[in-house]
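Secondary and tertiary structure notes
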Amino acid sequence: MGAPDADRLDTACRHDMQLITTSVGKIQGAIGDVISMMGPETWSGTPAQNWETDARGRMAQLLRLFSTYPPEQDRLIEKARQDQDAKDSKRTGT
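The sections below set out a description of the structure shown in this document. Fair warning: this is a prediction, and the values are worked out from it, not measured in the lab.

This paragraph deals with the packing of helix α2 (residues 46-67) against helix α3 (residues 69-92). Axis separation between α2 and α3 bottoms out at 5 Å; the angle between their running directions is 35°. In contact with Leu-65, Phe-66 and Ser-67 of α2, α3 contributes Tyr-69, Pro-70 and Pro-71. Classifying every residue of the contact of α2 with α3 by side-chain character gives five nonpolar, one polar and no charged.

Moving on: the nonpolar core. Of all hydrophobic cores here, the largest spans five residues; its members are Cys-13, Met-17, Tyr-69, Ile-77 and Ala-80. Broken down by secondary-structure element, the contributors of at least two residues to this core are α1 (5-37) and α3. Among the elements that line this core, the one with the most residues is α3, at three residues. If we skip the residues at most four places from it in the chain, Met-17 touches Tyr-69, Gln-73, Leu-76 and Ile-77.

So, about the pattern of salt bridges. Scanning all chains against the criterion turns up five salt bridges. Note that Asp-54 and Arg-58 form a salt bridge whose closest N and O atoms lie 3.0 Å from each other. Placement of the pair is Asp-54 and Arg-58 together in helix α2, with a separation of four residues, close to one helical turn. Put simply, Asp-83 and Lys-79 hold a salt bridge, and the shortest N to O gap is 2.9 Å. Note that Asp-83 and Lys-79 are positioned in helix α3 at a spacing of four residues, about one turn of the helix. Judged by relative accessible area, Asp-83 falls into the partly exposed class, the value being 36%.

On the surface, Val-34, Met-37, Trp-43 and Trp-51 cluster together to form a nonpolar patch covering roughly 440 Å² of accessible area. Along the polypeptide, Val-34 turns up in helix α1.

This brings us to the layout of surface pockets. Taken as a whole, the largest pocket spans an internal volume of roughly 170 Å³. For the largest pocket, the full set of lining residues is Val-34, Met-38, Gly-39, Pro-40, Thr-42, Trp-43, Ser-44, Gly-45, Ala-48, Gln-49, Trp-51 and Glu-52. The element best represented in the lining of the largest pocket is α2, accounting for four residues. In terms of residue class, the lining of the largest pocket is built from six nonpolar, five polar and one charged.

What counts, and where the lines are drawn
- Residues numbered from 1 in each chain as written.
- Predicted model: local features only at pLDDT ≥ 70, side-chain atom pairs only at ≥ 80, totals over all residues.
- Heavy atoms only, no water.
- Axes fitted to C-alpha atoms, helices over the stretch in contact; angles between N-to-C directions.
- Helix = DSSP H or I, 4+ residues; strand = E, 2+ residues; numbered from the N terminus.
- Contact = heavy atoms within 4.5 Å.
- Nonpolar A, V, L, I, M, F, W, Y, C, P; charged D, E, K, R; others polar.
- Core = buried A, V, L, I, M, F, W, Y, C linked by side-chain atoms within 4.5 Å.
- Buried < 20%, exposed > 50% of the residue type's maximum accessible area, 1.4 Å probe, protein only.
- Salt bridge = Lys/Arg side-chain N within 4 Å of Asp/Glu carboxyl O.
- Patch = residues over 30% accessible without salt bridge, like charges linked within 9 Å, V, L, I, M, F, W, Y side chains within 5 Å.
- Areas by Shrake-Rupley, 256 points an atom, 1.4 Å probe, with all protein chains shown as cover.
- 1 Å grid on protein atoms, 1.4 Å probe; cavity = no way out; pocket = protein on both sides within 12 Å on 5 of 7 lines; lining within 4 Å.
- Points joined across faces, edges and corners; volume = space filled by probe spheres on them.

Rendered as structure tokens:
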């Protein structure tokens, strides 16, 4: 006998979310690498300062977006679980 549908769903959701979490971590690392390379030794002058200001602002927005991911992950998993429970109830008549 296999795992109940809800258990399989939970396992699949958590596996998929872990893949996303790993990817987000890699992106955050890359952002950190890029930010650490910014400075007068790579490019200087007003255009460089303008570009760096813009880049830092965009990266900060992206990092803020990533910070919303964990609570959203939990919400999505719970919604999938509830949807699966409703389907199971219809199927089994309980």
